[in-house]
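Residue-level listing of the chains:
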Protein chains: 2
Amino acid sequence: MTQGPLADTPAPPYYAVIFSSLRTSVEDGYAAMAQRMLNLAAQQPGYLGVESARDDGAGITVSYWSSLEAIRAWKENAEHREAQRLGHAQWYAAFRLRVAKVEREYRL
Amino acid sequence: MTQGPLADTPAPPYYAVIFSSLRTSVEDGYAAMAQRMLNLAAQQPGYLGVESARDDGAGITVSYWSSLEAIRAWKENAEHREAQRLGHAQWYAAFRLRVAKVEREYRL
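What should I look at first to understand the overall build of chain A in this one?
Along its length, chain A carries three helices and four strands. Reading the secondary structure of chain A in the N-to-C direction produces β-α-β-β-α-α-β. Taken over the C-alpha trace, chain A has a radius of gyration of 14 Å; the compact-globule value for 108 residues is 13 Å, and the two agree within 12%. Per-residue burial for chain A yields a buried fraction of 28% across its 108 residues. Intrachain contacts of chain A at a sequence separation of at least 6 include 81% that bridge at least 24 residues.

Here is the structure:
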């Protein structure tokens, strides 16, 4: 991907998937899978961008989408479903996944 | 604050302020001000929680609020306004601030 760390989303409205997580200590392919999912998401219809940060406390990845239908299709992507299964089973100790409609945006 | 790194928000709908930023190399009180703003936000009416992560690429802080009015009041808090001014002037090279309505939430 050629994008920077901040997403150049279009004018609202559009949708955000806010994924906040605590990792387990299990690596076992996590980094490669996380990168693969970022690349695969970027190829989906309706994808608008992603922002991600992780430190010792938590990780937050926010992906942006043109519609709820685009989010639903990504959720049901077969390769993504396998990543979700592995995430539940071994990589994440806890997470919150929130689907939100972006109504306003400001930039510096 | 006694909360963990993931916010225990109530059932949707509620609002999220997604603040994604790139820092300058200027420290000059940033860490103390960031902590002060987290503490001050937690005292505001309508505050529901916060999640934050920062790594070398970017920082993401998502705060959760009961209403747009609560977000507006926090934005206009005098001490917060001074922090915003300093953020524009010296701490942030770039940011995106998005106001979004959370419609669904899933947990592990």
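Explain unusual backbone geometry to me, please; I cannot follow it from the model alone.
What you tend to see is this: most non-glycine residues have negative phi, and most peptide bonds are trans. Residues and elements named next belong to chain A. Of note, the amide linkage connecting P12 to P13 takes the cis form, showing an omega dihedral of 5°. Relative to the helices and strands, P13 resides in the segment before β1 (14–23). Unlike most non-glycine residues, D28 shows phi in positive territory, near 40°. Following the sequence through the fold, D28 ends up in the loop between β1 and α1 (30–41). D28 sits in the exposed class, given 11 other C-beta atoms within 10 Å.

Got a minute to help me understand the relation of the copies chain A and chain B in this structure?
The second copy of the chain is related to the first by a rotation about an axis and a shift along the axis. With an RMSD of 0.0 Å, the operation that places chain A on chain B is a rotation of 180° combined with a shift of 0.0 Å along the axis. What we have between these two chains is a two-fold relation. A symmetric contact is evident, with 100% of the interface residues of chain A recurring at the interface of chain B.

Looking at this structure, I do not really get the packing of helix α1 (residues 30–41) of chain B against helix α3 (residues 78–91) of chain B. What am I missing?
When two helices pack together, their arrangement is given by the angle between the helix axes and the distance between those axes. Residues and elements named next belong to chain B. Direction vectors running N to C along α1 and α3 enclose 150°, while the axes themselves pass 11 Å from each other. Judged by the sense of rotation from one axis to the other, the crossing of α1 with α3 is left-handed. Listed contacts from α3 to Y30, M33, M37 and L40 of α1 are E79, H80, A83, L86 and W91. For the contact of α1 with α3, the residue count by class is seven nonpolar, one polar and one charged.

Criteria and thresholds
- Residues numbered from 1 in each chain as written.
- Chains lettered and ligands numbered in written order.
- Predicted model: local features only at pLDDT ≥ 70, side-chain atom pairs only at ≥ 80, totals over all residues.
- Helix = DSSP H or I, 4+ residues; strand = E, 2+ residues; numbered from the N terminus.
- Rg over C-alpha atoms; globule rule 2.2 N^0.38 Å.
- Buried ≥ 20, exposed ≤ 12 C-beta atoms within 10 Å, placed from the backbone.
- Contact = placed C-beta atoms within 7 Å.
- Least-squares fit on C-alpha atoms with pLDDT ≥ 70 in both.
- Axes fitted to C-alpha atoms, helices over the stretch in contact; angles between N-to-C directions.
- Left-handed = near helix turned anticlockwise from the far one by under 90°.
- Nonpolar A, V, L, I, M, F, W, Y, C, P; charged D, E, K, R; others polar.

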